[in-house]
Amino acid sequence: MARHSLSFGSIIVALLVAHSGPLDGAGSSISGTVKVTGSASNADAVVYVQQAPDTFAPLATPAEVDQLGKQFIPHVLPIVVGTTVRFLNSDPTRHNVFSPDHEKYNLGTWPHGKTRDHTFGTCAKAPCVYVQLCLIHPEMEAYVVVLQNPFFAVTNTAGRFEITNVPRGTYSLAVWHAKGKAQPKPVTVDTGKPAVVDFVLGR
Ligand SMILES: [Cu+2]
């Protein structure tokens, strides 16, 4: 009985520790729009909190990128540093995956239905952007964007984004896009007060 009580107490302590720290407390969402100047589509911009207090565990299960119709899907994949990405080939033809960026990798070439994993283990200064290419199909291109924290979203065609469950705090909100740039903007998130931020990307 005493032993049982001890372990129960340990669990309570563990829960309290897990819930203390700078990110304690409810937050809200950050939403808005990104306009990509000179482009018909405002999709595939990554809007992200540049730096949040604390460190963040990667996903327990791999994020996925499919190769279908000679395209990488999704075209842009933001992840927290440490996340493993599983590359699947859903085409009848063989595909390759390599990236010339940062530490560089070539995962090889593999057939329909097979996967290869790559873990994005380091990122000295977010965003760490890795273009994904295929040696067999030069037209194939995608991006993995490695970030410090999970408070990010990708815009849809209309340019809309929403980052949910952002802890209370004041942050610098930044945008990454393959073809456009904008200065980060300060944003304050408070309980029950969703923040709205709009960006216009220039060249
Ligand atoms: Cu290919």
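The structure we're discussing is the one just above.
The text that follows walks through the structure, step by step, so that each part is easy to find. The model shown is predicted, which means the values in this text are computed figures rather than measured ones.

## Things to note about the overall build of the chain
Stage number 1. Assigned secondary structure in the chain consists of one helix and 16 strands.
Stage number 2. Out of the 203 residues in the chain, the part that is buried amounts to 38%.
Stage number 3. A separation threshold of at least 6 residues defines the contact pool for the chain, and within that pool the share at least 24 residues apart is 64%.
Stage number 4. Counting every atom, the chain has about 11,100 Å² of accessible surface; 58% of that belongs to carbon and sulfur.

## What to know about the coordination of the copper ion
Stage number 1. Only His-95 (ND1), Cys-134 (SG) and His-137 (ND1) from the protein coordinate the copper ion, and they sit 2.0 to 2.2 Å from it.
Stage number 2. For the copper ion, all donor residues lie on one chain, and their spacing in sequence is H-x38-C-x2-H. Of this pair, His-95 sits in strand E7 (residues 95–99) while Cys-134 is found in the loop between strand E10 (128–133) and strand E11 (141–147), placing the two residues 39 residues apart along the sequence.

## Quick look at unusual backbone geometry
Stage number 1. With an omega of 0°, the peptide bond running from Ile-73 to Pro-74 counts as cis.
Stage number 2. Inspection of the secondary structure puts Pro-74 in the loop between strand E4 (71–73) and strand E5 (76–80).
Stage number 3. With an omega of 0°, the peptide bond running from Ala-126 to Pro-127 counts as cis.
Stage number 4. With respect to the element layout, Pro-127 can be found in the loop between strand E9 (115–119) and E10.
Stage number 5. At Lys-70, a position not held by glycine, the phi torsion is positive, near 55°.

## What to know about the side chain of Asp-91
Stage number 1. Mapped onto the fold, Asp-91 is located in the loop between strand E6 (84–89) and E7.
Stage number 2. Although Asp-91 lies buried, it forms no salt bridge, and the closest oppositely charged side chain, Lys-70, sits 7.3 Å away as judged by the N-O distance.
Stage number 3. For Asp-91, the side chain forms a polar contact with the side chain of His-95, separated by 2.8 Å.
Stage number 4. Ignoring any residue separated from it by four or fewer positions in sequence, one finds Asp-91 in contact with Gln-67, Leu-68, Gly-69, Lys-70 and His-112.

## Thoughts on the pattern of salt bridges
Stage number 1. A full pass over the atoms with the stated rule returns one salt bridge.
Stage number 2. With its nearest N and O atoms 2.8 Å apart, the salt bridge here joins Asp-117 to Arg-86. With Asp-117 in strand E9 and Arg-86 in strand E6, the pair connects residues that are 31 residues apart, well separated along the chain.
Stage number 3. Using a relative accessible area of 38% as the deciding quantity, one classes Asp-117 as partly exposed.

## Digging into the environment of Ala-174
Stage number 1. Structurally, Ala-174 is set in strand E14 (residues 169–176).
Stage number 2. Spatially, the C-alpha atoms of Ala-174 and Pro-186 are 8.8 Å apart, while their sequence positions differ by twelve residues.
Stage number 3. Those residues within four positions of Ala-174 in sequence are excluded, and the remaining contacts are Val-46, Val-47, Tyr-48, Gln-50 and Pro-184.

Criteria and cut-off values
Chains are numbered independently. Their residues run from 1 in the order of the written sequence. Only residues with pLDDT of 70 or above have their local features reported here, since the model is predicted, and side-chain atom pairs are shown and tallied only from 80 upward, although totals for entire chains, interfaces and linings are computed over all residues. No hydrogens and no water enter the side-chain calculation; it runs on all heavy atoms of the structure. Secondary structure follows DSSP: runs of H or I at least 4 residues long count as helices, runs of E at least 2 residues long count as strands, and numbering of each begins at the N terminus. When accessible area is computed with a 1.4 Å probe and restricted to protein chains, residues below 20% of their type maximum are described as buried, those above 50% as exposed, and intermediate ones as partly exposed. Residues are treated as being in contact if the distance between any of their heavy atoms lies within 4.5 Å. Residue burial considers only the protein chains on display, and all accessible areas are found by Shrake-Rupley using a 1.4 Å probe. Distances define the donors: N, O and S atoms within 2.8 Å of the metal qualify, as do those within 3.2 Å of Na, K or Ca. Water is excluded, so some sites may look unfinished. His is not counted, nor are the chain ends, whereas Lys and Arg count as positive and Asp and Glu as negative. Throughout this description, the term salt bridge denotes a Lys or Arg side-chain nitrogen within 4 Å of a carboxyl oxygen of Asp or Glu. Two N or O atoms count as a polar contact when they lie within 3.5 Å, although within protein this holds only if one can serve as hydrogen donor and the other as acceptor, and sequence-adjacent residues are included solely when both atoms are side-chain atoms.

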